[in-house]
Amino acid sequence: MAPWYEEAEFYHIYPIGLTGAPRKNESEETVHRFSTLEQWLPHIADLGCTAIYIGPLFESTTHGYDTKDYKQVDRRLGDNADFAAYVKKAHELGIKVVVDGVFNHTGREFFAFRDIQEKREQSPYCGWYKGIWFGGNTCYNDGFSYEAWRNCFELVNLNLQNQQVRDYLLDVIDFWIDEFDIDGIRLDCADCLDFGFMEQMRARTSAKKQDFWLMGEVIHGDYARYIGDGQHLLHSVTNYELHKGLYSGHNDHNYFEIAHTIRREFDENGGIYKGKKLYSFVDNHDVDRLASKLNNKAHMFPEYTLLYTLPGIPSIYYGSEWGIEGRKEGGNDDPLRPALNLAEMEEKYKDCQLTEHIRMLGRLKKELSPLSEGKYRELLLTNRQYSFARIQDDKAVIVAVNNDENPAHVSIPVPAGGNAVNAVTGEPVNVENGRINAELSPAGSLIVSVNI
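One numbering rule holds for all chains: residues counted from 1, following each sequence as written. In keeping with the predicted nature of the model, local features appear solely for residues at pLDDT of at least 70, side-chain atom pairs appear and are counted solely at 80 or more, and the whole-chain, interface and lining totals rest on all residues. Calculated side-chain values reflect all of the structure's heavy atoms, with hydrogen atoms and water omitted.

Draft legend 1. A look at the layout of surface pockets. A cavity here means a set of points on a 1 Å grid, drawn over the protein atoms and nothing else, where a 1.4 Å probe fits but cannot get out; a pocket is an open set with protein on both sides within 12 Å along at least five of seven lines, and a residue lines either one if it has an atom within 4 Å of a point. Grid points are joined across faces, edges and corners, and a volume is the space filled by probe spheres set on the points. Within this model, the largest pocket holds a volume of roughly 750 Å³. The residue inventory of the lining of the largest pocket, partitioned by class, reads 10 nonpolar, seven polar and 12 charged. Note on residue categories: nonpolar means Ala, Val, Leu, Ile, Met, Phe, Trp, Tyr, Cys or Pro, charged means Asp, Glu, Lys or Arg, and polar means any other residue, Gly included.

Structure follows, in structure tokens:
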């Protein structure tokens, strides 16, 4: 039986944004906003999602990635007891909970950095950070300089080659598993993390909780460095390569871009990540909303079909199930991270076809095991139509999508023939001479279950 995360459907929440919490953590008071987040749990389960990625949650100064206290839930959201209750309620609904792990850097209010500010060369924590130099200075006029993430000096890079730092962070992870019973960690800036630290983290978490999931944020480069055979590092990474192909392949009416990406990554003959499960998404807290990226909003339908049926672990970013818009404004990510009232959204979008489409895809993902476990095989490809199969033993699922503004006729070869059923309607699908001949509506999809 596959581990839970290989068959998961994720719902991604940026909690400071969703709850409308202040962007700066300036109050001493704890405000209990997890009751708002708990209201979303039945909605998430109803969509078919089986896991939540929520974060950042560590007590921080502003956006959540400038950690102040690793063992305290951010007071703008609530306290540790609130989050423990949230995880318990999620688990009761069959939903796993994965949190953000911000281990590449801390904020300037973290105790080790403040100790250096106070004691300078005499601080025992000078070796906890990269590039501490008392002959330099920064824009904060500390009287010393340090290495910062992308020269954002509110984010001080930790020295993860220092075993004291590693031990501290491993203890933090133990605390979150023991205190809250979390099921996994999404590693912020995983492409900056020390490989030795990730190896120790994998060993520690696997020993503590056998099916604990580690997923890394990796934007560029070779994903196999983090999840390759024989390496005891991460289980999965973000598939930014596919994210880009999904929206530009629709905007350019160019399914060759998407098919090339998938062939390179997952083809059963030579795919470089064949058999691996990467984390797939169409938008998240760092990139423009899908509805704002697409030239033709009807393309959201085939794009979500591909998200759920191509190899990968699909993720829905909160609010995008209704097709809401949001664009970055310069360096400002706030438009991507809005406060949403669930009751208002459900009333406003109560007959939303996109939500129903995603709910249907979530159901099929559970019912049709080849969508999680099946090998990928391309069947048909033009600029505007694309079809492939996911094949597992004697079962296959055939998927076809159309990015044209007009109906399209497709003739799709069926692997080894067999009984075919429309997976959405349950109606028989005619197979003639080893092919399915079908009409796809504009921006339409076809999903067929086949016994082979």
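Draft legend 2. Fine view of helix H14 (residues 353-367). Put simply, DSSP H or I for four residues or longer makes a helix, DSSP E for two residues or longer makes a strand, and each gets a number counted from the N terminus. Any helix carries an expected span of 1.5 Å times its number of residues minus one. A rise of 1.5 Å per residue sets the reference length of H14, with its 15 residues, at 21 Å; its end C-alpha atoms lie 21 Å apart and thus fit the reference within 8%. Leu-354, Thr-355, His-357, Ile-358, Met-360, Leu-361, Gly-362, Leu-364 and Lys-365 are the residues of H14 that are buried. Residue contacts follow a heavy-atom distance rule, with two residues in contact if any of their heavy atoms lie within 4.5 Å. In this structure, the buried side of H14 is in contact with helix H3 (41-47), helix H12 (300-309), strand E12 (313-317), helix H15 (370-373) and strand E20 (445-451). Partly exposed describes any residue whose relative accessible area lies between the buried limit of under 20% and the exposed limit of over 50%, with all areas from a 1.4 Å probe on protein chains only and scaled to the type maximum.

Draft legend 3. Region of the structure containing empty space enclosed by the protein. If you walk through the whole model with that rule in mind, you get two cavities of 30 Å³ or more. Volume-wise, the largest cavity comes out at about 80 Å³. Lining of the largest cavity is provided by 13 residues; of these, His-12, Tyr-53, Thr-238, Tyr-279 and Asn-284 occupy positions nearest its centre. Looking at the lining of the largest cavity, its residues break down into four nonpolar, five polar and four charged. Quantified by volume, the second largest cavity comes out at close to 30 Å³. Within the lining of the second largest cavity, the residues separate by chemical class into seven nonpolar, one polar and one charged.

Draft legend 4. Examining the sheet that holds strand E18 (residues 431-432) more closely. Strand pairing requires that DSSP identify at least two bridges connecting the strands. Ordered by their spatial adjacency, three strands build an open sheet running E16-E19-E18, and the pairing between neighbours is antiparallel. With one partner strand each, in any of the chains shown, strand E16 (408-413) and E18 form the two edges of the open sheet. The pairing of E18 with strand E19 (residues 435-440) spans two bridges and is classified as antiparallel. When the bridges of E19 are listed, Glu-432 appears paired with Arg-435.

Draft legend 5. Region of the structure containing the packing of helix H9 (residues 240-251) against H12. One way to put it is that H9 packs onto H12 with a least axis distance of 10 Å and a crossing angle of 150°. The hand of the H9/H12 crossing is right-handed. Here Leu-246, Tyr-247 and His-250 of H9 lie close against H12, whose contacting residues are Pro-302, Glu-303 and Leu-306. Partitioning the contact of H9 with H12 into residue classes produces four nonpolar, one polar and one charged. For helices, the fitted axis covers only the stretch in contact; all axes are lines through C-alpha atoms, and the angles between them, taken along N-to-C directions, range from 0 to 180 degrees. Handedness of a helix crossing follows the sense of rotation of the near helix relative to the far helix, less than a right angle counterclockwise being left-handed and clockwise being right-handed.

Draft legend 6. Spotlight on the packing of helix H4 (residues 80-92) against helix H6 (residues 163-180). In contact at an axis separation of 9 Å, H4 and H6 are set at 65° when each is read in the N-to-C sense. Regarding the angle of H4 to H6, the classification is roughly perpendicular. Of H6, the residues touching H4 (which contributes Asn-80, Phe-83, Ala-84 and Val-87) are Phe-175, Trp-176, Glu-179 and Phe-180. A breakdown of the residues in the contact of H4 with H6 according to their chemical character gives six nonpolar, one polar and one charged. Should an angle lie under 35 degrees it is considered roughly parallel, over 145 roughly antiparallel, and from 65 to 115 roughly perpendicular; all remaining angles are considered oblique.

Draft legend 7. Just the nonpolar core, in detail. To form a nonpolar core, buried Ala, Val, Leu, Ile, Met, Phe, Trp, Tyr and Cys residues must be joined to one another through side-chain atoms within 4.5 Å. If you look at the biggest cluster of nonpolar residues, it comprises 129 residues, and the most contacted ones within it are Phe-83, Phe-103 and Tyr-386. A total of nine residues in this core trace back to one element, the largest contributor, which is H6. Leave out the neighbours within four places in its chain, and Phe-103 touches Phe-58, Tyr-70, Leu-158, Leu-160, Leu-169, Val-172, Ile-173, Ile-185, Leu-187, Leu-193, Phe-197 and Met-201. Counting residues in each nonpolar core, the second largest holds 18 residues, with Ile-398, Val-410, Ile-412 and Val-429 among its members.

Draft legend 8. Representation of the sheet that holds strand E13 (residues 375-381) within the structure. Here five strands make up an open sheet; going across it, the order is E13-E14-E15-E20-E17 and the pairing antiparallel. Only two strands of the sheet have a single partner each, and these edge strands are E13 and strand E17 (420-422). The sheet shows a mean angle of 20° between the axes of neighbouring strands, taken without regard to direction. Sheet topology places E13 next to strand E14 (residues 385-392); six bridges connect them, and they run antiparallel. Counterpart to Lys-375 in the pairing with E14 is Ile-391. Together, E13, E14 and strand E15 (395-402) form the strand contacts of helix H10 (residues 255-266), whose direction differs from that of E13 by roughly 155°.

Draft legend 9. Quick look at the environment of Thr-62. If you trace the backbone, Thr-62 turns up in the loop between strand E3 (58-60) and strand E4 (67-73). Counting along the chain gives 255 residues from Thr-62 to Tyr-317, while the straight-line C-alpha distance between them is 21 Å. Once residues within four sequence positions are removed from consideration, Thr-62 is found in contact with Ile-16, Arg-23, Lys-24 and Arg-76. Any pair of nitrogen or oxygen atoms within 3.5 Å is treated as a polar contact; in protein, a donor-acceptor pairing is required on top of that, and neighbouring residues in sequence qualify only through side-chain atoms on both sides. At a separation of 2.7 Å, a polar atom in the side chain of Thr-62 contacts the side chain of Asp-66.

Draft legend 10. Local environment of the pairing of E20. In the sheet, E15 pairs with E20 via seven bridges, with the strands oriented antiparallel. Bridge pairing in E20 links Lys-395 to Asn-451. Bridge count for E17 against E20 is three bridges, and the pairing is antiparallel. Bridging across to E20, Asn-422 finds its partner in Val-448.

Draft legend 11. Quick look at unusual backbone geometry. A cis amide bond links Gly-55 with the next residue in sequence, Pro-56, at an omega value of 5°. As for its placement among the helices and strands, Pro-56 is situated in the loop between strand E2 (51-54) and E3. Unusually for a residue other than glycine, Arg-150 sits at a positive phi of about 50°. Considering the arrangement of structural elements, one finds Arg-150 in the loop between helix H5 (111-119) and strand E7 (156-157). One non-glycine residue, Cys-189, adopts positive backbone phi at about 50°. The residue Cys-189 is located in the loop between strand E8 (184-187) and helix H7 (195-208) in this model.

Draft legend 12. Up close: the pattern of salt bridges. Here, a salt bridge means any side-chain nitrogen of Lys or Arg that lies within 4 Å of a carboxyl oxygen of Asp or Glu. For the structure shown, the criterion picks out 38 salt bridges. Note that Glu-121 and Arg-120 form a salt bridge whose closest N and O atoms lie 3.7 Å from each other. On the basis of relative accessible area, Glu-121 is assigned to the partly exposed category, the value being 45%. In this structure, Asp-333 and Lys-328 form a salt bridge, with 3.2 Å as the shortest nitrogen-oxygen distance. On the basis of relative accessibility, which here comes to 16%, the residue Asp-333 falls in the buried class. Connected through salt bridges with shared partners, the residues Asp-100, Arg-186, Asp-188 and Glu-217 form a single ionic network.

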